[in-house]
Amino acid sequence: MTTTEARPDIGTGRRWAMLAASTAAQAASAVLVHGPAFLIPSLHEREGLSLASAGLVAAAPLAGITLALVPWGIVTDRRGERLVLLVGLTGSVVCGVLAALSGSPVLLAAALALGAAFAATTNVASGRVVVGWFPPQRRGLAMGIRQMAQPAGVGIAAVSMAVVADRSGPYAAMWVAVVVCALAAGLVAAVVLDPPRPARGSVAAPNPYADRYLPRIHGVSVLLVVPQFLVWTFALVWLVQDRGWSPGAAGTLVAVAQVAGALGRIGVGQLSDVVGARMRPLRWVTLAAAVTMGLLGVSAGLDLAVAVPLVVLATVVTVADNGLAYTAVAERAGPHWSGRALGVQNTAQYLAAAAVPPVAGLAVASWGYSATFALAAAFPLVAVALVPVRDERHLS
C-alpha cells in the first residue's frame, strides 16, 4: 500500500519529471508491443509467412498484454506503481533479448507474448502515477502528454524496426525494443515515486461499476480500437505494396504520422481541461474517426493522391480518444480502484486489438485495402451513440 499523505518535498519539477518517466515507460512498452507490426513485410518476404500468419505473429504481444493487464492492475492497487513499473520493464528487456535470439517465428511470437505481459505494467502503473500526482484541472493535459507515448513509441518502431528488419531481418529489429525498455527502466528508477493515496478506512471503497458509465467508456474504446489498429498495422504495408513506396520511406511517413497523433492527444487533452469535460471531446473525436476512415477507403479505392495524407490524418484521429477515455476511467474509478479499472479498460481494448491484424489480413487478402479501410468506419459510427456525455460528473 502506498502512503496516505501528500509528500511536502514533491515540487512541480519533480511531478513533471515523473510524467516524463511515465511517458518514456509507456513509449518503450509501445515499441515492444506494437513494433512487431512493422516486421510483417520482413516476415512475409524473408521468412515466407503468409500475410495472415505474419499478422498473427504481430498480434502475439497483444494477446500477452491482454492476459496481464488486470492482474497487474490489482498488484498496482496493492503494492504501488514504482515497484510494478520496474519489474515490468526489466522483464520486458529480458524477453526482448529472447525474441532477438529466437531464430524462428514460433519462438519469436512466444517471446513477444511474454514480453508484452511484462510491458502491461506501464499501461496501468504509469497512468496511475500521472493521475495521482496531477490535479484535475491539469490531468487532461498531463494525461494527453502521457498518452502521446503510445503513438510516439509506434513512430520510433516505424522509423527504426522497419528499416532494421528490411536490412537485417525481423529478429535483429528486436534489439531496438531491448534498448528503449532498458533506458526507460533506468529513468523510472531515478525519478518515480508512488503517488499519495487516501486511507481506505473501515469501509471499502465504493465499486465504480455500480452504474453504466465505465462500461460504456470501455465499449467506446473497444470499437475505436478497430480503425486505430488497422491503420497502425497496415498503413506501412499498404504504402509498400499498393503505392510502391520503399520500406524506409513508408516507415518515415508512418513515424511522422505517429508524431502528429501524439501531438493530437496532447491537444485533445488540453481541450478537455478547457471545456471541463472528457466525454464531449470524446464524441467529437469519434465522429472524426468515422468520417476520416470512410474517406480513406474511398480515396484508396479510386487510387487518389489524397489517400496518403488521409492515412496520416486517420493515424491522428484514431488515437486521439485514448487519453480522454483513460483519464475519465481513472477519475471515476478513484484511487483504490483505478489500477483495476484501467486494467479492464486496456484488457477490453487489447482483446479487440489482438484480433485486428489477422482478421484484417484476411480482409485485405479477400477484398483489398480500400474496402477494409471503408468497413472500419462503421465501428466509430456505432461508438458515437455509446459515449456517456450525460452521465459525466463535473471535474473536481
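Asker: Can you walk me through empty space enclosed by the protein in this structure?
Answerer: By rolling a water-sized probe across the atoms, one finds the places where empty space is left. Here the structure, examined in full by the defined rule, presents 3 cavities of 30 Å³ or more. Estimates place the volume of the largest cavity at around 140 Å³. As for the largest cavity, its lining consists of 15 residues, and the residues nearest its centre are Asn123, Gln150, Asn322, Asn346 and Gln349. For the lining of the largest cavity, the secondary-structure elements that each account for two or more residues are helix H6 (136–147), helix H9 (213–241), helix H13 (321–333) and helix H14 (338–367).

Asker: Please explain the pattern of salt bridges as it appears in this structure.
Answerer: Two side chains carrying opposite charge are able to pair once their charged atoms lie near each other. As enumerated under the stated definition, the model contains 5 salt bridges in all. Measuring nitrogen to oxygen at the nearest pair gives 2.7 Å for the salt bridge that ties Arg278 to Glu331. You can see Arg278 sitting in the loop between helix H10 (247–275) and helix H11 (279–301) and its partner Glu331 sitting in helix H13, a full 53 residues away along the chain. The exposure class of Glu331 is partly exposed, given its relative accessible area of 23%.

Asker: Sorry if this is basic, but what is going on with the layout of surface pockets here?
Answerer: Reported here for the second largest pocket is a volume of approximately 220 Å³. Among the elements of the structure, H9, H14 and helix H15 (369–376) are those that each provide at least two residues to the lining of the second largest pocket. A total of 7 residues in the lining of the second largest pocket trace back to one element, the largest contributor, which is H14. Class assignment of the residues belonging to the lining of the second largest pocket gives a composition of 12 nonpolar, 1 polar and no charged.

Asker: Explain helix H3 (residues 51–79) to me, please; I cannot follow it from the model alone.
Answerer: Within an α-helix, residues lying three or four positions from one another point in the same direction, as the helix has 3.6 residues per turn. Over its 29 residues, H3 extends 42 Å from the first C-alpha to the last, a length consistent with the 42 Å expected when each residue adds 1.5 Å. Of all the bends found along H3, the most pronounced is centred on Leu69 and spans about 35 degrees, while Pro71, a proline, follows it within four residues. Backbone geometry just downstream of H3 places Gly80 in the positive-phi region, at approximately 105 degrees.

Asker: Hey, could you run me through the packing of aromatic side chains in this one?
Answerer: Any aromatic ring pair is given by two values, namely how distant the centres are and how the planes are angled relative to each other. This model, assessed by the stated rule, comprises 3 aromatic pairs. For the pair Trp16 and Phe134, a centre-to-centre distance of 5.2 Å together with 85 degrees between the ring planes defines the contact as edge-to-face. With Trp16 in helix H1 (residues 12–34) and Phe134 in the loop between helix H5 (105–133) and H6, this residue pair connects regions lying 118 residues apart in the sequence. Look at Trp16 and you get partly exposed, because its relative accessible area is 32%.

Asker: I'm lost on the packing of H1 against H5 in this one. Help?
Answerer: A pair of packed helices is captured by two measures, namely the crossing angle of their axes and the spacing between those axes. Contact pair H1 / H5: the axes reach a minimum separation of 9 Å and the direction vectors enclose 155 degrees. The angle between H1 and H5 falls in the class roughly antiparallel. Taken as a pair, H1 and H5 cross one another with a handedness that is left-handed. Note on element contacts: H5 touches H1 through Leu112, Gly115, Ala116, Ala119, Thr122, Asn123, Ser126, Val129, Val130 and Trp133, opposite Arg15, Met18, Leu19, Ser22, Ala25, Gln26, Ser29, Leu32 and Val33. In the contact of H1 with H5, the residues fall into 11 nonpolar, 7 polar and 1 charged.

Asker: In this structure, what is going on with the nonpolar core? I would like to understand it.
Answerer: Side chains that are nonpolar tend, in soluble globular proteins, to be buried together. Counting residues in hydrophobic clusters, the biggest one holds 126 residues, and the most contacted among them are Met174, Trp238 and Met293. Take this core: its biggest share by element is 17 residues, from H9. If near-sequence neighbours (up to four positions away) are discounted, Met293 is found in contact with Pro227, Leu230, Val231, Ala314, Thr318, Phe373, Ala374, Ala376 and Ala377.

Calculation criteria
Residues numbered from 1 in each chain as written. Predicted model: local features only at pLDDT ≥ 70, side-chain atom pairs only at ≥ 80, totals over all residues. Heavy atoms only, no water. 1 Å grid on protein atoms, 1.4 Å probe; cavity = no way out; pocket = protein on both sides within 12 Å on 5 of 7 lines; lining within 4 Å. Points joined across faces, edges and corners; volume = space filled by probe spheres on them. Helix = DSSP H or I, 4+ residues; strand = E, 2+ residues; numbered from the N terminus. Salt bridge = Lys/Arg side-chain N within 4 Å of Asp/Glu carboxyl O. Buried < 20%, exposed > 50% of the residue type's maximum accessible area, 1.4 Å probe, protein only. Nonpolar A, V, L, I, M, F, W, Y, C, P; charged D, E, K, R; others polar. Expected span 1.5 Å × (residues − 1). Bend = angle between axes of the 7 residues up to and from the residue. Phe/Tyr/Trp six-rings, centres within 6.5 Å; stacked < 30°, edge-to-face > 60°. Axes fitted to C-alpha atoms, helices over the stretch in contact; angles between N-to-C directions. Parallel < 35°, antiparallel > 145°, perpendicular 65-115°, else oblique. Left-handed = near helix turned anticlockwise from the far one by under 90°. Contact = heavy atoms within 4.5 Å. Core = buried A, V, L, I, M, F, W, Y, C linked by side-chain atoms within 4.5 Å.

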